[in-house]
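Per-entry structural report
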Amino acid sequence: MGDKLTLSTIKADVGGFVGHCGVHPDLLDEARQRLAESELLLDFHVTSVGDDINLIMTHRHGVEHEGVHRLAWDTFVACTGIARKLKLYGAGQDLLKDAFSGNVKGMGPGVAEMELEERESEPVIVFMADKTEPGAWNYPLFKMFADPFNTAGLVIDPKLHGGFRFEVHDLMEHKAVDFNLPEEMYDLLVFIGAPGRFAIKSIFSRETGWIGATSSTQKLNLLAGRYVGKDDPVCMVRCQSGFPAVGEALEPFALPHLVSGWMRGSHSGPLMPVSHKQAHPTRFDGPPRVIALGFQLCQGKLIGPQDFFADPSYDRARQVANEIADYLRRLGPFEPHRLGLEQMEYTTMPQVMTKLQGRFREVD
Ligand code: F6R
Ligand code: MG
Ligand code: MG
């Protein structure tokens, strides 16, 4: 137990209301009660986006702390009990193991954690998305921390001018690699332009070494010849005084970029920035949604939230997202709306191939 503060966001889908589009309020009440009873935490905020419960927690125990992870796990187990009682959809869907074993990583829930020295004033944003994958943060994180057309501070603020170090994970090979920006920008882009495989895990200031952002990036597992484990992701970003301003961190979402996920985790669609109230993906189980909750940290207390995308300046992004959705939906089962064969979460290809066995002729 040190002086440093740890910000942990742990999330899981343990049952949808209705279908895969929301969380029943009883589950959120249960989660709040569980966290309130714990002595491990300094503060917490329980929220949801789509069918995912997000536990935003502060404490002084460091990242990957067994007690904090167990608390999150037990909370999700308790919520699963209620989901089963109400026969909610997919009850317990993200709890992949029967028993907790020290760390929720690899057990189903998504995790983003950062340890930090709380600055004189510490504004943070927790971004949470539904119906997409961790690589969905690559584009906005690059814009925030590396694109001078997005973040004016990279050019005109001496505290940002030194650039940032990006830690990128290869989700298939389970490897990590660092890039120093701006000079290695082109090398970085070769990788993060392929968000189904390479995802930005964390970003550090080169000036101070401080962590500026981290995401719930997790490895993909090869199952029956396909990579699975795409998860509705979260990402936390520190703002101001050496990091992107709040407005610079929110700006990338003015363009609803295309992400993988949407219906059956097998489609490409625009990431629509919405208020917490609007975070219920309905049309074709989407389009994918992102919310942004802002907090001022105060001796570990989460002062907030500020629901950033509940702002008319994001109306246009939502309109553009709807137009993109209209266009893509008209493509139906064709790529690029439907994802490529290796990226789809659902497929009937093996069964159809078996059925057609013997009907394929050689062509010269
Ligand atoms: C995507 C998602 C939904 C479901 C779809 C089918 O991440 O959660 O789009 O994939 O509603 O769900 P099942 O297979 O449970 O009927
Ligand atoms: Mg679900
Ligand atoms: Mg979800």
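If you're wondering where the values come from, they're calculated on a predicted model, not measured in any experiment. (Residues numbered from 1 in each chain as written. Chains lettered and ligands numbered in written order. Predicted model: local features only at pLDDT ≥ 70, side-chain atom pairs only at ≥ 80, totals over all residues. Heavy atoms only, no water.)

**Considerations on the overall build of the protein chain**
Heads up, the rule is: By definition, any uninterrupted DSSP run of H or I lasting at least four residues is a helix, any uninterrupted run of E lasting at least two residues is a strand, and each is numbered from the N terminus. For the exposure calls, accessible area comes from a 1.4 Å probe over protein chains only, and a residue counts as buried if that area is under 20% of its type's maximum, exposed if over 50%, partly exposed in between. A contact between two residues is defined here by any heavy atoms of the two lying within 4.5 Å. Each accessible area is a Shrake-Rupley result for a 1.4 Å probe, and residues are judged covered by the shown protein chains and nothing else. Within this scheme the basic residues Lys and Arg register as positive and the acidic residues Asp and Glu register as negative, but His and the chain ends are omitted. For this purpose, a charge sits on NZ of Lys, CZ of Arg, CG of Asp or CD of Glu.
The secondary structure content of the protein chain amounts to eight helices and 17 strands. Dimensions of the protein chain along its principal axes, counting C-alpha atoms only, are 70 × 50 × 40 Å. Sorting the 364 residues of the protein chain into buried and exposed places 53% on the buried side. For the protein chain, restricting intrachain contacts to residue pairs at least 6 apart in sequence, the fraction spanning at least 24 positions comes to 69%. For the protein chain, the exposed surface amounts to about 17,100 Å²; the carbon and sulfur share of it is 53%. Taking the average place of the 37 positive charges on the side chains of the protein chain and the average place of its 48 negative ones, the gap between the two points comes to 6 Å.

**Brief notes about the coordination of the magnesium ion (ligand 2)**
Formally: In this listing, donors mean N, O and S atoms no farther than 2.8 Å from the metal, or 3.2 Å for Na, K and Ca; water is missing from the atoms, so a site can look incomplete.
Note on the magnesium ion (ligand 2): its protein donors are Asp13 (OD), His20 (ND1) and Asp51 (OD). The metal-donor distances range over 2.0 to 2.3 Å. The sequence pattern formed by the donor residues of the magnesium ion (ligand 2) is D-x6-H-x30-D. Separating the magnesium ion (ligand 2) from the magnesium ion (ligand 3) is a gap of 4.8 Å, bridged by aspartate 51, which donates to each. Placement of aspartate 13 in the loop between strand E1 (5-12) and helix H1 (25-37) and of aspartate 51 in the loop between strand E2 (43-49) and strand E3 (52-59) is noted, with a sequence separation of 38 residues between them. For the pair aspartate 13 and aspartate 51, one class covers both residues: buried.

**Regarding the coordination of the magnesium ion (ligand 3)**
Taken together, the protein ligands of the magnesium ion (ligand 3) are Asp51 (OD), Asp52 (OD), Asp130 (OD) and Asp232 (OD), with distances of 2.0 to 2.4 Å. Positions of the donor residues of the magnesium ion (ligand 3), expressed as sequence spacing, correspond to D-D-x77-D-x101-D. For aspartate 52, a relative accessible area of 0% translates into the label buried.

**A few points about the sheet that holds strand E4 (residues 110-116)**
Going by this rule: Two strands qualify as a pair provided DSSP detects at least 2 bridges between them. For helices, the axis comes from a line fit to the C-alpha atoms of the stretch in contact; other axes are also lines fit to C-alpha atoms, and the angle between any two N-to-C directions lies between 0 and 180 degrees.
Strand order in the open sheet made by the four strands is E2-E3-E1-E4, with antiparallel pairing throughout. The sheet is open, and its two borders are formed by E2 and E4, each paired with just one other strand. Taking the axes of each pair of neighbouring strands and ignoring which way they run, one obtains an average angle of 10° across the sheet. As paired strands, E1 and E4 are joined by seven bridges and run antiparallel to one another.

**Brief notes about the site of ligand 1**
Formally: Whether a residue is near a molecule or strand depends on its heavy atoms: it is near if one of them lies within 4 Å of it. N or O atoms within 3.5 Å of each other form a polar contact, as long as, within protein, one can give a hydrogen and the other can take it, and as long as residues adjacent in sequence are counted only when both atoms are side-chain atoms. In this classification, Asp, Glu, Lys and Arg are treated as charged, Ala, Val, Leu, Ile, Met, Phe, Trp, Tyr, Cys and Pro as nonpolar, and every other residue, Gly included, as polar.
Near ligand 1 you find His20, Tyr89, Lys131, Trp262, Met263, Arg264, Gly265, Asp285 and Tyr346, and these make up its full shell. Side-chain polar atom of tyrosine 346 to an oxygen atom of ligand 1: 2.3 Å apart, as the coordinates give it. Protein burial of ligand 1: of its 410 Å² of free accessible surface, 75% is covered by the chains. Broken down by class, the residue content of the shell around ligand 1 amounts to four nonpolar, two polar and three charged.

**A closer look at the domain arrangement of the protein chain**
Rules: Each domain span listed reflects an automatic or database assignment of domains. Once two parts are put together, the accessible area they lose, assessed with a 1.4 Å probe and summed over both, is termed the buried area. A pairing counts as a salt bridge when a side-chain nitrogen of Lys or Arg comes within 4 Å of a carboxyl oxygen of Asp or Glu.
According to the domain assignment, the protein chain consists of domain 1 (1-117) and domain 2 (118-352). Here the C-alpha centre of domain 2 lies 21 Å away from the C-alpha centre of domain 1. The interface of domain 1 with domain 2 comprises 32 residues on the first partner and 36 residues on the second. Of the roughly 2,600 Å² buried at the junction of domain 1 and domain 2 (both faces included), carbon and sulfur atoms supply 63%. If you sort the residues of domain 1 by the area they bury against domain 2, Val49, Met114 and Glu117 come out on top, with a joint share of 21%. Our enumeration of links across domain 1 and domain 2 arrives at two salt bridges.

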